[in-house]
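Structure assessment
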Amino acid sequence: MRFSKPALMGAGLGFVMGIVFLAISLFQFDDSVTNARDVTLVSVLFGIPFSVLIGLGIGWAWGKYFGTHSL
């Protein structure tokens, strides 16, 4: 499976944003409801993969509408 440059850049930005969201969520979770281990586990198993998929889709759409060599 081959991805265009915009799609891969979108996936990379999605990964970076997933890491940023993980860091933000580690600073803002409620100690009385959950713990840092559960917040990290959910972010790694669900947050980062969904961020990568969303970034991949946005990058694909960018390449489709603006051309694969637009970046």
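These remarks concern the structure in this document. (Residues numbered from 1 in each chain as written. Predicted model: local features only at pLDDT ≥ 70, side-chain atom pairs only at ≥ 80, totals over all residues. Heavy atoms only, no water.)

1. Description of the layout of surface pockets
Approximately 180 Å³ is the volume attributed to the largest pocket. Every residue lining the largest pocket is listed: Pro 6, Met 9, Gly 10, Leu 13, Gly 14, Ser 51, Ile 54, Gly 55, Ile 58, Gly 59, Trp 62 and Leu 71. The set of elements that each furnish at least two residues to the lining of the largest pocket consists of helix H1 (5-28) and helix H2 (36-66). Ranked by residue count, the leading element in the lining of the largest pocket is H2, at 6 residues. A breakdown of the residues in the lining of the largest pocket according to their chemical character gives 7 nonpolar, 5 polar and no charged. (1 Å grid on protein atoms, 1.4 Å probe; cavity = no way out; pocket = protein on both sides within 12 Å on 5 of 7 lines; lining within 4 Å. Points joined across faces, edges and corners; volume = space filled by probe spheres on them. Helix = DSSP H or I, 4+ residues; strand = E, 2+ residues; numbered from the N terminus. Nonpolar A, V, L, I, M, F, W, Y, C, P; charged D, E, K, R; others polar.)

2. Regarding H1
Taking 1.5 Å per residue, 24 residues should reach 34 Å; H1 reaches 35 Å between its end C-alpha atoms and fits that length. Buried residues of H1: Pro 6, Ala 7, Gly 10, Ala 11, Gly 14, Gly 18 and Leu 22, and no others. Those residues of H1 that are buried lie in contact with H2. (Expected span 1.5 Å × (residues − 1). Buried < 20%, exposed > 50% of the residue type's maximum accessible area, 1.4 Å probe, protein only. Contact = heavy atoms within 4.5 Å.)

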